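# An overview of the molecular structure
The primary structure of each chain is shown beneath.
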Amino acid sequence: MPDTSTTAPVRVVTEPLPQPLYGPKRVLRDFGGTSIANGIIGIVFSATGPVAVILAAGLAGKLSQAQLASWLFGAFFVNGILTITASWLYRQPLAFFWTIPGTVVVGASLEHLPWEQVLGAFFATGALILLLGLTGWVTPIMAALPLPIVMAMVAGVFLHFGTDLVEAPAHDAVIALPMIATFVALSVFAKLGRFVPPVLGALIVGVVVILAAGRFNSAGDAHEWLAHPMLTTPTWSWQAMIELVVPLAITVVVVQNGQGIAVLRAAGHQPPIGAATVACGVFSLVNAAVGCVSTCLTGPTNALLTASGERTRQYTAGIFCGLLAVVFGLFAPTFVAMMLGTPTAFIVTLGGLAMLKALQGAFVTAFGGKFTFGALIAFLVTISDIELLNIGAAFWGLVFGVIASRMLERADYT
């Protein structure tokens, strides 16, 4: 086990690579139908509902189609490279994508912060995550922030996806109702849902309804097929730093990486926590350059990659998922143009359906055990959308939640 003691905080804490490294012949021999199927399911999940979350955040911030395409290029192409490399080196499925709760936080901040200032916060977040990984400070920081309070903040950030989903049928029932009905049907009939995930089924039905009703708008840069990453000079702003850096880092290190580590451990793997944190920091810096939110070790996708097959060969599902992500990232402008050509209700409904399980999990974690009063304060402050010192509510939700818990729930800390 790596030494994470606080007596030597400057020591680099990463896990050694398994030896010997597998060559191409061994990797190809370990590939199989299960690896391919799980890899496809993993990328399909990532490219449906979670992408709708990115588009919703970007549209809230009035980002251009080119900026959204560059964001997706980083989310898939850059993170796909990391997924391939990490899965091969550590011989286990290690899918890295982007922080979904962090994306939601960014969407709220984009309503009052310029894009260049948000990019500056992306760079600072990457540097902070890298520092946490290199020094081994991840564990004490995770211990200092009770997970229920963090997840209450996340639940508050996610809540509008649920309320928007409820409102969608009132605004566009023709699009929303068939998608919701399909999602419910595939969730109820679990055997069918294993072959067609509910979110994917909702997406397919939504596309069919849009085409049948003639609701697709092909306007936009239809001639742009391949990605052209946009390099934008960031602007440093104390408001953006305080409002975004800590919440983004927490969603990566505590929320998303915590989920990914738990999923992989449950499947019998030993994920490299220190190396994963360092990788998230490095690739978050790379992604910031192309306008993409911070990289994380994803939970849901890794759960899909480890759903079946021999444990010692599951790393090939991670490699294949990464390869598909690279291809998807290369064609990001085409996908963005297609998504933006659909009615708003399609994106809102798809994003809401994709976030239901995450919202449920956030509530269960926040209010299912200890620190419930601090979690309640964090939730209420977050959904209030208050701004103190020009800093958004998500940050203050964490601050006031921890303060309230420290004052009134001292027994829970023992």
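All of the points below concern the structure found in this document. Remember, predicted model here, so these are calculated numbers, not experimental data. (Residues numbered from 1 in each chain as written. Predicted model: local features only at pLDDT ≥ 70, side-chain atom pairs only at ≥ 80, totals over all residues. Heavy atoms only, no water.)

Across its 16 residues, helix α15 (residues 315-330) extends 23 Å between first and last C-alpha, which sits within 8% of the 22 Å expected from 1.5 Å per residue. Along α15, the positions that sit buried rather than exposed are Y315, T316, A317, G318, I319, F320, C321, G322, A325, V326, F328 and G329. Buried-residue contacts for α15 involve α1 (24-30), α2 (33-46), α4 (65-90), β1 (96-98), α14 (300-305) and α16 (332-340). (Helix = DSSP H or I, 4+ residues; strand = E, 2+ residues; numbered from the N terminus. Expected span 1.5 Å × (residues − 1). Buried < 20%, exposed > 50% of the residue type's maximum accessible area, 1.4 Å probe, protein only. Contact = heavy atoms within 4.5 Å.)

This part covers the environment of G351. Tracing the backbone shows G351 in helix α17 (residues 344-367). Separated by 48 residues in the primary sequence, G351 and V399 have C-alpha atoms spaced 28 Å apart. Those residues within four positions of G351 in sequence are excluded, and the remaining contacts are G49, A52 and F161.

Take unusual backbone geometry next. Cis geometry is found at the peptide bond from Q19 to P20, where omega equals -5 degrees. Relative to the elements of secondary structure, P20 occurs in the segment before α1. Even without being glycine, K62 reaches a positive phi, approximately 55 degrees. Along the chain, K62 turns up in the loop between α3 (49-60) and α4. A residue is classified by how much of its surface remains accessible, and K62, at 74% relative accessible area, is exposed. Look at F371: it is not a glycine, yet its phi comes out positive at around 60 degrees.

Aromatic ring pairs are described here by two measures, namely the spacing of the ring centres and the angle between the planes. Going through the model one piece at a time under the given rule, you end up with 14 aromatic pairs. Ring plane angle 85 degrees and centroid distance 6.0 Å describe the contact between F97 and W98, whose orientation is recorded as edge-to-face. Judged on exposure class, the residue F97 and its partner W98 are both buried. Ring geometry for W396 and F400: centres 5.8 Å apart, planes at 25 degrees, overall stacked. Here W396 pairs with F400, and both are found in helix α19 (residues 393-408), just 4 residues apart, close to one helical turn. Here W396 falls in the buried class, since its relative accessible area comes to 13%. (Phe/Tyr/Trp six-rings, centres within 6.5 Å; stacked < 30°, edge-to-face > 60°.)

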